[in-house]
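Observations on the three-dimensional arrangement
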Amino acid sequence: MSELTKEEPPAAPAAPPPTSVTPSTYLKSILGRPILVRLHTGVTYRGILACLDGYMNIAMEQTEEYGVGGELESRYGDVFLRGNNVAFISGDTKAK
């Protein structure tokens, strides 16, 4: 009787190393840089991230406010956005 040989399945590729970027470290990395903030109402703010706290309260400089339709509504020097109104924060890739 012939012996059946069991072949080992090919080894699975190694998983990529886990990234150490957390939301907190990402936000710290974009301090002083252009950001885009969308509120739950659909209004968008673009400006420079001055600071933020653990409640996601955001202070911005050189800020522009865009309406729900995307049209420029106002320009402000400094803006403070309360964290519970924020839908998301993103680095602004289309900065001025």
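Just above, that's the structure.
All of the points below concern the structure found in this document. These numbers were taken from a predicted model, which means no experiment stands behind them. (Residues numbered from 1 in each chain as written. Predicted model: local features only at pLDDT ≥ 70, side-chain atom pairs only at ≥ 80, totals over all residues. Heavy atoms only, no water.)

**Section: the packing of aromatic side chains**
The tally for this structure, following the rule as stated, stands at 0 aromatic pairs. Looking at Arg-46, its charged tip hangs above the ring of Tyr-66, at a distance of 5.8 Å from the centre. (Phe/Tyr/Trp six-rings, centres within 6.5 Å; stacked < 30°, edge-to-face > 60°. Lys NZ or Arg CZ within 6 Å of the ring centre and 35° of its normal.)

**Side note on the environment of Arg-46**
On the secondary structure map, Arg-46 appears in strand β2 (residues 44–52). Residue classification places Arg-46 among the partly exposed residues on the basis of a relative accessible area of 21%. Ignoring sequence-local partners within four residues, the contact set of Arg-46 consists of Ile-35, Leu-36, Met-60, Gln-62, Thr-63, Glu-64, Tyr-66, Asp-92 and Lys-94. For Arg-46, the side chain forms a polar contact with the side chain of Asp-92, separated by 2.9 Å. (Helix = DSSP H or I, 4+ residues; strand = E, 2+ residues; numbered from the N terminus. Buried < 20%, exposed > 50% of the residue type's maximum accessible area, 1.4 Å probe, protein only. Contact = heavy atoms within 4.5 Å. Polar contact = N/O pair within 3.5 Å; in protein donor to acceptor, adjacent residues only side chain to side chain.)

Read these as geometric descriptors, not functional statements.
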